[in-house]
Amino acid sequence: MTITFITGANKGLGRETARRLIECGHTVLVGARNREQGEEAATALGARYVPIDVRDDASVAAAAADVAAHEGRIDVLINNAGVHGAAGDPGDLTAADALAVYDVNVIGVIRTTTAFLPLLRRSDDPVVVNVSSGMGSLALTHDPDRPESHVVAPLYTSSKAALTMLTTQYAKGLKDIRVNAADPGYTATDLNGHSGPQTVTEGTDAIVALATEGPGAETGRFVSRDGEIAWS
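Residues numbered from 1 in each chain as written. Predicted model: local features only at pLDDT ≥ 70, side-chain atom pairs only at ≥ 80, totals over all residues. Heavy atoms only, no water.

(A) Molecular detail of the overall build of the protein. Check the secondary structure of the protein and you find 9 helices and 8 strands. The C-alpha atoms of the protein give a radius of gyration of 16 Å, which matches the 17 Å a tight globule of 232 residues would have. The principal-axis extents of the C-alpha atoms in the protein amount to approximately 45 × 35 × 30 Å. Looking at the protein as a whole, 48% of its 232 residues are labelled buried. Considering only intrachain contacts with a sequence separation of at least 6, the fraction spanning at least 24 residues in the protein is 66%. As displayed, the protein offers around 10,300 Å² of accessible surface, 54% of which is attributable to carbon and sulfur atoms. (Helix = DSSP H or I, 4+ residues; strand = E, 2+ residues; numbered from the N terminus. Rg over C-alpha atoms; globule rule 2.2 N^0.38 Å. Buried < 20%, exposed > 50% of the residue type's maximum accessible area, 1.4 Å probe, protein only. Contact = heavy atoms within 4.5 Å. Areas by Shrake-Rupley, 256 points an atom, 1.4 Å probe, with all protein chains shown as cover.)

Below you can see the structure in the form of structure tokens.
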């Protein structure tokens, strides 16, 4: 049985990923900061709720200890938790604004991945999927035909660019673990006021594909539902 831990799994892309992976036969652990929402999602999906706030070292360590005590390992870690931050005029940004976004979107991934590495290394085929975004792609955000090029969201976009690069470094450095990034695409979620044209099911296609690949699949990739994306 494949055991999968998902951060931010109480709603949106995380919850839909959990639902689909349970359908695929995974044992899913719903990681969420909000206990009420996390427990509701886990009950509705047939999963187990594990409290985790990716901004807090102690919370992340406690989540890893919880999983170690109950499941003993994980096979797939999906770093999905993310925040958007301020949009529009970057002249109004503050250091506090930036720290709040990066603390979840980048540093939270580092906290969680480091804490869960011992559990991943107990798996025969360990996998990490980082939920990034085409909004962090230089090529896509400079292509006038792409929706990514029409948005000014300096903290979200730059944090996702950092996350994709972080993914390549993990893939190079962690030879025993497959590490890839997923671009959900412009999906209707709370993050964008449900303005995206894609459904959450469409938005989770790349995440689910990366989480269900068999042994021998490649590492260090950036994948959308339409295929691989160049790292530029």
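(B) Region of interest: empty space enclosed by the protein. Counted according to the given criterion, the structure contains 1 cavity of 30 Å³ or more. Approximately 30 Å³ is the volume found for the largest cavity. The element best represented in the lining of the largest cavity is helix H5 (residues 107-120), accounting for 3 residues. Class assignment of the residues belonging to the lining of the largest cavity gives a composition of 4 nonpolar, 5 polar and no charged. (1 Å grid on protein atoms, 1.4 Å probe; cavity = no way out; pocket = protein on both sides within 12 Å on 5 of 7 lines; lining within 4 Å. Points joined across faces, edges and corners; volume = space filled by probe spheres on them. Nonpolar A, V, L, I, M, F, W, Y, C, P; charged D, E, K, R; others polar.)

(C) How the structure looks around the packing of aromatic side chains. Within this structure, the stated rule accounts for 1 aromatic pair. Note on Phe-5 and Phe-116: the rings are 4.6 Å apart at their centroids and 35° apart in plane angle, and the pair reads as tilted. Of this pair, Phe-5 sits in strand E1 (residues 3-6) while Phe-116 sits in helix H5; the two residues are 111 residues apart in sequence, bridging distant segments of the chain. The exposure classification of Phe-5 matches that of Phe-116, with both residues buried. (Phe/Tyr/Trp six-rings, centres within 6.5 Å; stacked < 30°, edge-to-face > 60°.)

(D) Structural view of the pattern of salt bridges. Tallying each qualifying case throughout the model produces 16 salt bridges. Its salt-bridge partner being Arg-35, residue Glu-39 comes within 3.2 Å of it at the nearest N-O pair. Of this pair, Glu-39 and Arg-35 both sit in helix H2 (residues 35-45), 4 residues apart, which is roughly one turn of that helix. Where Arg-121 meets Asp-176, a salt bridge forms, and the shortest distance between an N and an O atom there is 2.7 Å. Of the two residues, Arg-121 sits in the loop between H5 and strand E5 (127-131) while Asp-176 sits in the loop between helix H7 (154-173) and strand E6 (178-182), which places them 55 residues apart along the sequence. (Salt bridge = Lys/Arg side-chain N within 4 Å of Asp/Glu carboxyl O.)

(E) How the structure looks around the pairing of strand E4 (residues 76-79). The side-chain alternation of E4 yields two buried faces, one formed by Val-76 and Ile-78 and the other by Leu-77 and Asn-79. Here E1 runs beside E4; their pairing, made up of 3 bridges, is parallel. Bridge pairing links Thr-4 to Val-76 in E4. The pairing of E4 with E5 spans 4 bridges and is parallel. What sits directly across from Asn-79, in E5, is Asn-130. (Pairing = 2+ DSSP bridges.)

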